[in-house]
Amino acid sequence: MRSAGRRPARRPARPEPRSAVRQAVRAAVRSGQIAAVLCGVAVSLARSLVRHAGRGRRDRRDRIVREAGGVVSAALWRLGPAFIKVGQMLSSRRDLFAAAFCEELEAGLARGRAGGVRAGVEVGSVAAVERRRVGGVDAAVKTIHPTAAELLRVDLGLIMAMTRLAGVPLRRSGPTLRRVVREMCESVRRQTDLVAEAETLRLLEDLESALPVVFPRVLAGDSGPDALTMTWIPGQPGGRRFANPRRTAKRLVLTVYEMLFITGVVHCDLHPGNWWELPDGRLAIVDAGFAYELDEEMRTHFAEFFLGMSSGNAEVCATHALAAAAEPVSPEDEKAFRRDMEGLIGSTTGLTAGDFSLTGFAARFFAIQRRHRAYSRAEFVFPLMALLAIEGQVKQLDPKINFQSLAGPVVLRSIVARARAGRAR
């Protein structure tokens, strides 16, 4: 018996036979291309094993792992945008892969990031941005490459299939690896959703009243599913030079904290091409395609985790890290996890700003997760990815910047705001 006023659910439309055949052919051809690249990867890794056979065990392992990261990053660039983006995200997962492998993978993907530029048009792996005059306004028009959405659809499906196969022998981390890759694939797929990117930009506009930062304004009348039209933000004159590097570093960190803890938006792609300083000192931040919006639960867990890290409270850190785990943790693993977190937090409490390394902290945290099978859900890792993406850039501007002290007031403000909102309900 159907409830009143509710329409019966429609059955999903079946694809036309010709369309299904075309999709199958594309998938088969693409599988062949991917197989050829993977064979090349296997040959390169085999050569690496032979080349380092005479070395000591530890030295041999480190060299092979590093070379593997370089080989895989080169292969991902040959395979295309879906593999590049998933690779960029996986390079931050030191809880699932060796740190040396992740370092080389990240470096290799960064070296090949630029997609090329021609007059008035910036071309990337997924989209192109063209400068135009639209209704008398200097605008940037972003369009997705015609074949990008279909190629991403095919490739992401194949990536999930390969992950399922790879997870079979990984009894400990296989299920988590599949879940993490599935979540990451979904975030990559959303990069072709220009309507969602427009909504993200509108959310970020609110930060302009709180911080010296500017985001592209969406020109709604000229935007839609096929094109995102925004106000054009001029680049940084004279290259990446900063009148006051320490001020710039602080503003970038505070902007990312406001995004994470107040707005709930994670900008996962803040490489130097996506932010710069304007002549008036404001920061310009562009390209919100690779962004992720945290739900209230995950924003709370990450805020409390970060507050615990900043204040030296290992119990709070461990509790919220476990609450964000992808799978339940056994009592034995939970006890050991909490014990190791006490050691980690104890070793970082009291460090000077110059001595504290977020990258080092994250590497040790991921190692503890891996040791005790407390793998995080992808939503919990995305904020760490955003912070790790800027740490190196920020420390070049100000080696003594204090990530922890800058976070405290913003995190507390976010926790208080959510508590008040909860009481108001």
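Preceding this section is the structure that the text describes.
Because the structure is predicted, anything quoted here is derived from the model rather than measured.

Conventions and cut-offs
Residues numbered from 1 in each chain as written. Predicted model: local features only at pLDDT ≥ 70, side-chain atom pairs only at ≥ 80, totals over all residues. Heavy atoms only, no water. Patch = residues over 30% accessible without salt bridge, like charges linked within 9 Å, V, L, I, M, F, W, Y side chains within 5 Å. Areas by Shrake-Rupley, 256 points an atom, 1.4 Å probe, with all protein chains shown as cover. Salt bridge = Lys/Arg side-chain N within 4 Å of Asp/Glu carboxyl O. Buried < 20%, exposed > 50% of the residue type's maximum accessible area, 1.4 Å probe, protein only. Axes fitted to C-alpha atoms, helices over the stretch in contact; angles between N-to-C directions. Helix = DSSP H or I, 4+ residues; strand = E, 2+ residues; numbered from the N terminus. Parallel < 35°, antiparallel > 145°, perpendicular 65-115°, else oblique. Left-handed = near helix turned anticlockwise from the far one by under 90°. Contact = heavy atoms within 4.5 Å. Nonpolar A, V, L, I, M, F, W, Y, C, P; charged D, E, K, R; others polar. Polar contact = N/O pair within 3.5 Å; in protein donor to acceptor, adjacent residues only side chain to side chain. Core = buried A, V, L, I, M, F, W, Y, C linked by side-chain atoms within 4.5 Å. Pairing = 2+ DSSP bridges. Expected span 1.5 Å × (residues − 1). Arc of directions from axis to C-beta.

(A) Broad picture of a nonpolar patch on the surface. A surface patch of nonpolar side chains, about 250 Å² in accessible area, is lined by V21, V25 and V29. Residue classification places V25 among the partly exposed residues on the basis of a relative accessible area of 47%.

(B) Fine view of the packing of helix 10 (residues 314-323) against helix 11 (residues 331-348). Across the interface, helix 10 lies against helix 11 with an axial gap of 9 Å and an inter-helix angle of 135°. Taken together, helix 10 and helix 11 sit at an angle that is classed as oblique. Crossing angle aside, the handedness with which helix 10 passes helix 11 is right-handed. In this structure, helix 10 uses A314, E315, C317, A318, T319, A321 and L322 to contact helix 11, whose residues at the interface are E334, F337, R338, M341, E342 and I345. Looking at side-chain class alone, the contact of helix 10 with helix 11 contains 8 nonpolar, 1 polar and 4 charged residues.

(C) Geometry of helix 10. Of the positions making up helix 10, those classed as buried are A314, C317, A318, H320, A321 and L322. Buried-residue contacts for helix 10 involve helix 9 (296-311), helix 11, helix 12 (358-371) and helix 13 (378-397). If you check the start of helix 10, you find a side-chain oxygen 3.2 Å away from the backbone N of E315, and it comes from N313.

(D) Inspection of the nonpolar core at higher detail. In this structure, Y257, F261, F337, M341 and F365 are the most contacted members of the largest nonpolar core, which totals 109 residues. Broken down by element, this core gets its largest block of residues, 12 residues, from helix 13. Excluding residues within four positions of it along the chain, Y257 makes contact with I262, F306, L387, F403, L406, A407 and V410.

(E) Structural detail: the pattern of salt bridges. Counted by the stated rule, this structure contains 22 salt bridges. When the shortest N-O distance is used, the salt bridge between E258 and R413 registers 2.4 Å. With E258 in helix 8 (residues 245-263) and R413 in helix 14 (residues 403-424), this pair connects stretches of sequence that are 155 residues apart. In this structure R413 comes out as partly exposed when scored by relative accessible area, which is 42%.

(F) Structural view of unusual backbone geometry. Residues other than glycine seldom take positive phi values, yet D287 does so here, at roughly 60°. Structurally, D287 can be placed in the loop between strand 9 (283-285) and strand 10 (291-293).

(G) Structural detail: the pairing of strand 4 (residues 137-144). Across 8 bridges, the pairing between strand 3 (residues 127-134) and strand 4 is antiparallel. Residue A127 lies in a different strand from strand 4, and its bridge partner there is I144. Between strand 3 and strand 4, which pair antiparallel in sequence order, lie 2 residues; one of them, G135, sits at a positive phi of approximately 60°. Alignment of strand 4 against strand 6 (residues 228-231), held across 4 bridges, turns out to be antiparallel. Bridge pairing in strand 6 places K142 opposite L228.

(H) Focus on the environment of F242. With respect to the element layout, F242 can be found in the loop between strand 6 and helix 8. Owing to a relative accessible area of 17%, F242 belongs among the buried residues under this scheme. Placed 35 residues apart in sequence, F242 and E277 show a C-alpha to C-alpha distance of 7.3 Å.

(I) Representation of helix 7 (residues 194-205) in the model. The end-to-end C-alpha distance of helix 7, which contains 12 residues, comes to 17 Å, matching closely the 16 Å that a straight helix rising 1.5 Å per residue would cover. Those residues of helix 7 lying buried are L194, E197, A198, T200, L201, L204 and E205. Across the axial projection of helix 7, the buried residues extend over an arc of 160°, all falling on one side. Buried positions along helix 7 lie against strand 4, strand 6, helix 8, strand 7 (265-267) and strand 10.

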